[in-house]
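# Observations on the model geometry
Here are the chains, one letter per residue:
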Amino acid sequence: MLTGHYPRTKLAFTPTPIEKLDRLSEFLGGPEIYIKRDDQTGLAFGGNKVRQLEYYFGEAEKQNADVILITGAVQSNYMRTAVAAARKLGMDVEVQLEERVPDQPQEYYKSGNPYLMKLMGAKFHHYPVGEDEEGADNALYERAEILKSHGKKPYVIPLAGHHLPLGSLGYVDCAAEINDQMPDADYIVTGSGSATTHSGVLAGLRAIGNNTPVIGICVRRDRHAQQERVHKKTEIVMDMINVDKSVPLSDVQLFDDTLAPGYGRLNDYVKEAIKLAAEKEGLLVDPVYTGKALAGLIKLIRDGKFSKSDKILFIHTGGTPALFGYPALTESD
C-alpha cells in the first residue's frame, strides 16, 4: 500500500461500489457512464472528505490532539465531515465559515451542512473573505494559540495549497480501488476544487502504471489557474508516496465550461444535471461539486469528447446535504 507509512484513522466504508447509470447513458446517447459511489463512504452523509480526513485525523491522533480546527465555505462538506469525525473520536471541534457565495437565501445559512454542524455541537467562527486561503488558515492558527494558552491541544486542518496534502492520500487509496474494480475505464471524471481528490486519483493511478485520462471539472477556479494547482499538488503527492516518477503538465486535464458564474453558484447546466440525475437515476448530486462536475461531463458528451463505446467513470464525491441550501432548484417546478 503506497500510503501505508502515514498514520491513518479508519473512518470510511470502503471500497465503495461502482454502478452503471443505464438510463442517463441512454438519454445522452453517448458513452457508457459508470459512477464510483464515494457518496457512500458513511460518516454523516459520507462523501470524498471522509477518505481525506482519515489521514488528517491519523496525524491529529498521533499528536494527541483534543480539538480540531477547520475552515471552509458556509455549506462546506469538509467541515461537516470533520465535525462528525471529531465527535466520533471524542474531540472538540471548531469551524470557521468563510463568505464565499454572496447573496444567498436564508436556507443557505441555516439548513444543509451548517444545520448538521450545529446539531453535532461544533463551535462556530466567521471569516469575512471568501478567496483568501492564507488569511483563513492564519486565523485558525491564531485561534489555536489561544486554545493552547488554555491547556488544549489543537490540530489545524489547513486549506492553502502549500501545506502537505495529507488528504490526497485518501484518493491514492481510491485510485487503487478503481484500478481493481474497473481497469477498463476509458476516462475518469471528477470535480476539481481544492485539487485534493483530483491530485490523489491522478498520482495514485500513475504510481501503479494506470494511464487512464483523468478529467477534472472546475468547480472553483478556471482551468488555467486550476491546472497549476493540480499539477503542483500531484507532484507533491508522488513524492509523499515515494514514487520517483513525474506527471507531465499535459496529464492534468481540466474543463471549465460549466463553472460560471463561479463557486457554489447555479447555472442552467448545473440545474439540468441535478434534475437529470434525480429524474433518470434517483441519484442526488449537489450544486457545489458533484452537480457542477456532472454538468461538465454531460457537456463534454454533447460536445463529442467521447465515442459511444467509451466507458466513463464519474466519481460521486458526495455533498448532498448542500441541496437543502438551494431552494431555487425546485422553485420553478
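Report follows, based on the coordinates.

What counts, and where the lines are drawn
- Residues numbered from 1 in each chain as written.
- Predicted model: local features only at pLDDT ≥ 70, side-chain atom pairs only at ≥ 80, totals over all residues.
- Heavy atoms only, no water.
- Helix = DSSP H or I, 4+ residues; strand = E, 2+ residues; numbered from the N terminus.
- Buried < 20%, exposed > 50% of the residue type's maximum accessible area, 1.4 Å probe, protein only.
- Contact = heavy atoms within 4.5 Å.
- Areas by Shrake-Rupley, 256 points an atom, 1.4 Å probe, with all protein chains shown as cover.
- Lys, Arg positive; Asp, Glu negative; His and termini not counted.
- Charge placed at Lys NZ, Arg CZ, Asp CG, Glu CD.
- Salt bridge = Lys/Arg side-chain N within 4 Å of Asp/Glu carboxyl O.
- Pairing = 2+ DSSP bridges.
- Axes fitted to C-alpha atoms, helices over the stretch in contact; angles between N-to-C directions.
- Core = buried A, V, L, I, M, F, W, Y, C linked by side-chain atoms within 4.5 Å.
- Disulfide = S-S within 2.5 Å.
- Right-handed = clockwise from strand over helix to strand, strands pointing away.

## Quick look at the overall build of the protein chain
A tally of helices and strands in the protein chain yields 12 helices and 10 strands. Oriented by its inertia axes, the alpha-carbon framework of the protein chain measures out at about 60 × 50 × 35 Å. Going through the 333 residues of the protein chain one by one, you find that 60% of them count as buried. When contacts within the protein chain are restricted to residue pairs at least 6 apart in sequence, those whose partners lie at least 24 apart make up 79%. Carbon and sulfur atoms form 49% of the exposed surface of the protein chain, whose accessible area is close to 13,400 Å². In the protein chain, which carries 38 positive and 45 negative side-chain charges, the distance between the mean positions of the two groups comes to 3 Å.

## Observations regarding the pattern of salt bridges
Where charged atoms of side chains with opposite charge meet at close range, the side chains can pair. Applying the stated criterion to the full structure yields 23 salt bridges. Across the pair Glu177 and Lys36 runs a salt bridge whose closest N-O atoms are separated by 2.6 Å. In this pair, Glu177 sits in helix α7 (residues 168–181) while Lys36 sits in strand β2 (residues 32–37), placing the two residues 141 residues apart along the sequence. A relative accessible area of 12% places Glu177 in the buried class. Lys36 gets classed as buried once you look at its relative accessible area, which sits at 0%. Glu133 is the partner of Arg221 in a salt bridge, and the nearest nitrogen-oxygen pair spans 3.0 Å. Here Glu133 lies in helix α6 (residues 133–149) and Arg221 lies in the loop between β8 (214–218) and α9 (223–240), a separation of 88 residues in the sequence. Judged by its relative accessible area of 15%, Arg221 is buried. Since its relative accessible area comes to 14%, Glu133 is described here as buried.

## A closer look at the sheet that holds strand β1 (residues 18–20)
Two strands in a sheet stick together by hydrogen bonds in their backbones, pointing the same way (parallel) or opposite ways (antiparallel). Read across the sheet, 6 strands follow the order β1-β2-β10-β7-β8-β9 without closing on themselves; strand pairing throughout is mixed. Bordering the open sheet on either side are β1 and β9 (253–255), each of which pairs with just one other strand. With direction set aside, neighbouring strand axes in the sheet form an average angle of 30°. In this structure, strand β7 (residues 187–192) lies alongside strand β10 (residues 311–316), joined through 3 bridges in parallel fashion. Looking across to β10, one finds that Ile188 is bridged to Leu313. Sheet contacts for helix α8 (residues 196–207): β7, β8, β9 and β10; angle to β8, the most-contacted strand, approximately 175°. Lying on the sheet, helix α11 (residues 290–302) is in contact with β2, β7, β8, β9 and β10; it crosses β8 at an angle near 120°.

## Observations regarding the nonpolar core
Side chains that are nonpolar tend, in soluble globular proteins, to be buried together. Judged by nonpolar contacts, the single largest core of 97 residues is most densely connected at Phe57, Ile68, Val95, Ile157, Leu294 and Leu297. The residues touching Ile68, leaving out its near neighbours within four places in the chain, are Phe57, Ala60, Ala86, Met91, Asp92, Val93, Glu94, Tyr155 and Ile157. The next biggest cluster of nonpolar side chains, apart from the first, holds 6 residues, and it includes Val67, Leu69, Ala144 and Val156.

## Some remarks on the environment of Cys218
Considering the arrangement of structural elements, one finds Cys218 in strand β8. Residues Cys218 and Glu134, spaced 84 residues apart in sequence, show a C-alpha to C-alpha distance of 21 Å. Sequence-distant contacts of Cys218, that is, excluding residues within four places in its chain, are made with Ser192, Arg223, Gln226, Leu254, Phe255, Asp256, Leu259 and Lys292.

## Regarding the state of the cysteines
All chains considered together, the criterion is met by 0 disulfides. With no disulfide partner, Cys218 has as its closest neighbouring cysteine sulfur the one in Cys174, 20 Å distant. You can call Cys218 buried: its relative accessible area is 0%.

## Section: the pairing of strand β4 (residues 92–98)
Among the 7 residues of β4, 6 are classified as buried, and the element is accordingly described as predominantly covered. For the crossover from strand β3 (residues 67–73) across helix α3 (residues 77–88) to β4, the handedness is right-handed. Examined bridge by bridge, β4 and strand β5 (residues 123–127) share 5 bridges and lie parallel to one another. From the neighbouring strand, Gln96 faces β5, where its bridge partner is His125.

Scope: geometric values only; no functional claims are made or implied.
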